[in-house]
Amino acid sequence: MPLPPDSILRAAVRWLERLPASGHKRCRALFSAHPDFSDLTPTQYDAAYGWLKETGLLERAGEPSSIPQRIFEAALPGLPWFQDADILVRDPGELPEDALTAAETLGIDRAQAFRHIRALWGKVDLEQRERIGTAGETALVKLLEGSVDAQVQHVSQTSDGHGYDIEVVGASCRLHIEAKTTLRRQRLTMFLSRHEYETMIHDPAWQLVAVRLSGDMEIEAVCSVPREWIKRNTPCDRAVSGRWESCRLTVPLSEITSGITRLRPLLADTVSPVIDGTTGW
């Protein structure tokens, strides 16, 4: 969804300021007839109302939070740079021009705009990670069940205390898979918890596996991330009074291996090319 023009943002503010007390018909009449609102056209007011409805802001019209803030944050997720805002917008001086223009229109200063972007990105990123993470685990379990001569259990569905998500047990080997899911092709970034890391250190069967999904939540590729690389790139506690609990890892594509090579002794005749690595990452 592109960023609305300044006129639509201004009209949206006026709608949300007056709707809770006056309702749609009275507001529409006011915007059409009163000279204080004649700087915008009826078409622009109608477009702003449609945008508010599309973003879900109409349902929240009576909320006590700042109206300019709500409108600014509703406009952000559809912008092309927002998905990578954690990298592209690291301080207020790196705010994209469209975000600055929208913030100025809404009376939000640069520092406030930066805080809103970072807070919203964190919320959206967490929600997306939970959604695609569950989809990736479920799809990987289904694929494994048809690709290996072994028992496959989705253990994270019953407990998150294992330090891994999927257990594969066969006659010749056992593997504990910690699955991380992404929708991106050229950037492999994942979050690793302290518990997952310590499980890796003490469990020889542990393996980090990245799953890439399509927009339709279908598996496109699978790869394995070496334990040695993870050990070299996780944080170190500097003192007993400070301890990391979660870290973000960006894995170079040169470090990964397509498929899940440690499952080769268990591969069935019906193995998916995604699991044996022949499709590549």
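For the structure, see preceding data.
From a predicted model like this one, the values you see are computed outputs, not experimental measurements.

**Student:** A description of the overall build of the protein chain should follow, citing residues and the corresponding values.
**Tutor:** Within the protein chain, the secondary structure is distributed over nine helices and eight strands. Relative to the 2.2 N^0.38 estimate, which gives 19 Å for 281 residues, the radius of gyration of the protein chain is 25 Å and therefore markedly larger than a compact globule would have. Principal-axis analysis of the C-alpha atoms places the extent of the protein chain at approximately 80 × 45 × 35 Å. Taken over 281 residues, the protein chain has a buried fraction of 45%. Accessible surface, the protein chain as shown: approximately 14600 Å² in total, 50% of it carbon and sulfur. If the 32 positive side-chain charges of the protein chain are averaged to one point and the 39 negative ones to another, these points end up 3 Å apart.

**Student:** Outline the side chain of R227, supporting the account with residue identities and numerical values.
**Tutor:** Looking at the secondary structure, you find R227 in helix 8 (residues 227-233). A polar atom in the side chain of R227 sits 2.7 Å from the backbone oxygen of W206. Among residues more than four places away in sequence, those in contact with R227 are M200, I201, D203, P204, W206 and R262.

**Student:** Now, about the nonpolar core: what can you tell me, with residues and values included?
**Tutor:** Formed by 40 residues in total, the largest nonpolar core has its most connected members in W15, W51, I71, F72, L76, W81 and I117. With 10 residues, helix 1 (residues 6-33) is the single largest residue contributor to this core. The next biggest cluster of nonpolar side chains, apart from the first, holds 22 residues, and it includes A139, V152, V168 and I177.

**Student:** Now, about helix 5 (residues 97-105): what can you tell me, with residues and values included?
**Tutor:** Taken as a whole, helix 5 has its buried residues at A99, L100, A102 and A103. The buried residues of helix 5 occupy one face: seen down the axis, they fall within an arc of 165 degrees. Exposed and oriented more than 90 degrees from the buried face of helix 5 are E97 and E104. One or two positions beyond helix 5, positive phi appears at G107, with a value near 75 degrees.

**Student:** Would you mind going over unusual backbone geometry in detail, with residue names and values included?
**Tutor:** The phi angle at M217 is positive, at roughly 65 degrees, despite the residue not being glycine. Residue placement: M217 occurs in the loop between strand 5 (206-213) and strand 6 (219-225). Classification of M217 as partly exposed rests on a relative accessible area of 23%.

**Student:** Please provide a residue-by-residue account of the packing of helix 3 (residues 67-75) against helix 6 (residues 110-145), values included.
**Tutor:** Taken N-terminus to C-terminus, the directions of helix 3 and helix 6 make an angle of 55 degrees; their axes are 10 Å apart at the nearest point. As summarised for this structure, helix 3 and helix 6 are arranged oblique, according to the angle between their axes. Taken as a pair, helix 3 and helix 6 cross one another with a handedness that is right-handed. Each of Q69, F72 and E73 in helix 3 lies in contact with helix 6, whose residues at this interface are A113, H116, I117 and L120. In terms of residue class, the contact of helix 3 with helix 6 is made up of four nonpolar, two polar and one charged.

**Student:** I'd love a proper account of the sheet that holds strand 5, names of residues and values included.
**Tutor:** Strand pairs in the sheet, formed through backbone hydrogen bonds, run parallel or antiparallel to each other. One open sheet accounts for six strands, arranged 1-2-3-5-6-8; its pairing is mixed. At either end of the open sheet lies a strand with only one pairing partner, and these are strand 1 (151-153) and strand 8 (257-258). In the sheet, strand 5 pairs with strand 6 via six bridges, with the strands oriented antiparallel. The residue of strand 6 that forms the bridge with L208 is V225. Helix 6 contacts strand 1, strand 2 (166-169), strand 3 (174-182), strand 5 and strand 6 of the sheet and is inclined by roughly 140 degrees relative to strand 3.

Cut-offs and rules
Residues numbered from 1 in each chain as written. Predicted model: local features only at pLDDT ≥ 70, side-chain atom pairs only at ≥ 80, totals over all residues. Heavy atoms only, no water. Helix = DSSP H or I, 4+ residues; strand = E, 2+ residues; numbered from the N terminus. Rg over C-alpha atoms; globule rule 2.2 N^0.38 Å. Buried < 20%, exposed > 50% of the residue type's maximum accessible area, 1.4 Å probe, protein only. Areas by Shrake-Rupley, 256 points an atom, 1.4 Å probe, with all protein chains shown as cover. Lys, Arg positive; Asp, Glu negative; His and termini not counted. Charge placed at Lys NZ, Arg CZ, Asp CG, Glu CD. Polar contact = N/O pair within 3.5 Å; in protein donor to acceptor, adjacent residues only side chain to side chain. Contact = heavy atoms within 4.5 Å. Core = buried A, V, L, I, M, F, W, Y, C linked by side-chain atoms within 4.5 Å. Arc of directions from axis to C-beta. Axes fitted to C-alpha atoms, helices over the stretch in contact; angles between N-to-C directions. Parallel < 35°, antiparallel > 145°, perpendicular 65-115°, else oblique. Left-handed = near helix turned anticlockwise from the far one by under 90°. Nonpolar A, V, L, I, M, F, W, Y, C, P; charged D, E, K, R; others polar. Pairing = 2+ DSSP bridges.

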